[in-house]
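# Summary of structural features
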Amino acid sequence: MTPDRFEEALLEEALAAGRLAARGGQPADYIPELANANPADVGIAVCDMEGELHTAGETSVAFTLQSVSKVFALACVLRTHDDELWRYVSTEPSGDAFHSIVRLEEERGRPRNPLINAGAIVVSDRLFGADPQDRIQQFRRFLCAASGLSMSVDSFPMDERVYESECRTGFRNRALAAYMRHFDVVSDPDSAIDTYFRQCSLTVDSAQLARLGLVLAAGGDSPLGGQRVIPKTSCTKVVALMAMCGLYDEVGRFAVDVGLPAKSGVSGAILAVVPGRYSIACYGPSLGERGNSLAGLAMLKVLSERLSLSVFNV
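The text that follows walks through the structure, step by step, so that each part is easy to find.

Parameters at a glance
Residues numbered from 1 in each chain as written. Predicted model: local features only at pLDDT ≥ 70, side-chain atom pairs only at ≥ 80, totals over all residues. Heavy atoms only, no water. Helix = DSSP H or I, 4+ residues; strand = E, 2+ residues; numbered from the N terminus. Buried < 20%, exposed > 50% of the residue type's maximum accessible area, 1.4 Å probe, protein only. Expected span 1.5 Å × (residues − 1). Bend = angle between axes of the 7 residues up to and from the residue. Polar contact = N/O pair within 3.5 Å; in protein donor to acceptor, adjacent residues only side chain to side chain. Contact = heavy atoms within 4.5 Å. Axes fitted to C-alpha atoms, helices over the stretch in contact; angles between N-to-C directions. Parallel < 35°, antiparallel > 145°, perpendicular 65-115°, else oblique. Nonpolar A, V, L, I, M, F, W, Y, C, P; charged D, E, K, R; others polar. Pairing = 2+ DSSP bridges. Salt bridge = Lys/Arg side-chain N within 4 Å of Asp/Glu carboxyl O. Phe/Tyr/Trp six-rings, centres within 6.5 Å; stacked < 30°, edge-to-face > 60°.

### Observations concerning the environment of glutamate 7
Within the element layout of this structure, glutamate 7 appears in the segment before helix 1 (8-22). Residue class for glutamate 7 comes out partly exposed when judged on its relative accessible area of 29%. Taking the C-alpha atoms as reference points, glutamate 7 and alanine 56, 49 residues apart in sequence, are found 10 Å from one another.

### Observations concerning helix 2 (residues 69-85)
Since the α-helix advances by 3.6 residues per turn, residues separated by three or four positions end up pointing in the same direction. The end-to-end C-alpha separation of helix 2 is 17 Å, well short of the 24 Å expected for 17 residues at 1.5 Å each. Where helix 2 bends most, at arginine 79, the angle is about 85°. Burial of helix 2 is extensive: 12 of the 17 residues sit out of reach of the surface. For helix 2, every residue scored as buried is listed here: Ser69, Lys70, Val71, Phe72, Ala73, Leu74, Ala75, Cys76, Val77, Leu78, Asp82 and Leu85.

### Details of the side chain of serine 94
For serine 94, the location among the structural elements is in the loop between helix 2 and helix 3 (102-106). Looking at serine 94, its side chain comes within polar contact range of the main-chain nitrogen of aspartate 96, at 3.1 Å. Not counting residues up to four positions away in its chain, the partners in contact with serine 94 are Arg103, Arg112, Asn113 and Ile116.

### Considering the packing of helix 4 (residues 117-124) against helix 8 (residues 189-200)
It is at 8 Å that the axes of helix 4 and helix 8 come closest, and there the two elements cross at 105°. Viewed along their axes, helix 4 and helix 8 adopt a mutual orientation that is roughly perpendicular. Contact with helix 4, carried on its side by Asn117, Ala120, Ile121 and Ser124, involves Ala192, Ile193, Thr195, Tyr196 and Gln199 of helix 8 and no other residues of that element. Taken together, the residues that form the contact of helix 4 with helix 8 break down as 5 nonpolar, 4 polar and no charged.

### Things to note about the environment of alanine 210
On the secondary structure map, alanine 210 appears in helix 9 (residues 206-217). We classify alanine 210 as buried; its relative accessible area is 0%. C-alpha of alanine 210 to C-alpha of aspartate 96: the two residues are 114 residues apart in sequence and 28 Å apart in space.

### With respect to the pairing of strand 8 (residues 269-274)
Counting buried residues along strand 8, 6 of its 6 residues qualify, which places the element largely inside the surrounding structure. Of the two faces of strand 8, the one carrying Ala269, Leu271 and Val273 and the one carrying Ile270, Ala272 and Val274 are both buried. Two elements, strand 7 (residues 262-264) and strand 8, share 3 bridges in a ladder whose sense is antiparallel. By the bridge assignment, serine 264 is partnered in strand 8 with isoleucine 270. The turn joining strand 7 and strand 8, which pair antiparallel and follow one another in sequence, is formed by 4 residues; a positive phi near 110° is taken by glycine 268. Both strand 8 and strand 9 (residues 278-283) contribute to a ladder of 6 bridges, which runs antiparallel. When the sheet's bridge partners are listed, leucine 271 is paired in strand 9 with alanine 281.

### Notes on the pattern of salt bridges
Enumeration according to the criterion identifies 14 salt bridges in this entry. Salt-bridge contacts for arginine 198 lead to aspartate 194; the nearest nitrogen and oxygen are separated by 3.0 Å. One end of the pair is arginine 198 and the other is aspartate 194, both in helix 8 and 4 residues apart, which spans about a single turn. Taken individually, arginine 198 and aspartate 194 each receive the classification buried, so the pair is uniform in this respect. Between aspartate 249 and arginine 290 there is a salt bridge, and its shortest N-O distance comes to 3.7 Å. Taken together, the residues aspartate 249 in the loop between helix 10 (232-245) and helix 11 (251-257) and arginine 290 in the loop between strand 9 and helix 12 (294-307) connect sequence positions 41 residues apart.

### Side note on the packing of aromatic side chains
Overall, the coordinates contain 6 aromatic pairs when judged by the stated rule. Where phenylalanine 98 meets tyrosine 248, the ring centres are 5.0 Å apart and the plane angle is 40°; that geometry is what we call tilted. Of the two residues, phenylalanine 98 sits in the loop between helix 2 and helix 3 while tyrosine 248 sits in the loop between helix 10 and helix 11, which places them 150 residues apart along the sequence. As far as burial versus exposure is concerned, phenylalanine 98 and tyrosine 248 are alike and both buried. Within the aromatic cluster, the residues linked to one another by ring pairs are Tyr30, Phe98 and Tyr248.

Shown next, in the form of structure tokens:
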């Protein structure tokens, strides 16, 4: 089997591993609406640089982006605020849970990286727009450009029930924003939090996410749209942060087992990129102890091992 072929048998092998692993976890319940996800919905989609899609499992099941949105919000903000942003958020792994407040107290309100919740709220505070609704509309336009799509009312719609569920239960995220406001890291905590909840509630399916992720694998160009969407230097930073911080306090184990830049979300999504070759989107809402999709971790490990995908291979 050649390294750039995703044959049906290999995807089915990965899917079987994912379905087996999913039995060991359960959907997130701290956002109540996410607890309604079907643990049996497991899917994987691979998109190559020509835009050809290879899929297995339930790849048309819609889910919210949750923390996978963070990499695209970061890429969007870096187009205009690259130098300014890094004064307010660092680029180091945290070693803590994704919603921890401990480091903020130690480091005077400056988040360790933009892919933990505190850092993502800083990024959301800087998305372009007059208010949270306008910011999300502009962000959806960016996602469409990255995917090579024309903007429509159906493009990355927001799941209102998940958004409302996050608003009802997001006290910890509000605490992060308020604490950062004390240090002038966030300018408007209420607006930043509302923007953050909205971006996390945007929906995709595995196939759409794989196509969207291709812009990161291509260094900021949109192979499907034929235009540069993200400056190359900014895209390099985003992908590097995915490798170092994308799976929170499980990132080291993931680097050893899979070895790809990736970003997870508590809806059960994991987006991984193989730079210059393809993007891989996995979905499986059963999570492990650190909030990562058990099915996604298992499927990516199969593909990485069978195709020698790890960026650390020598």
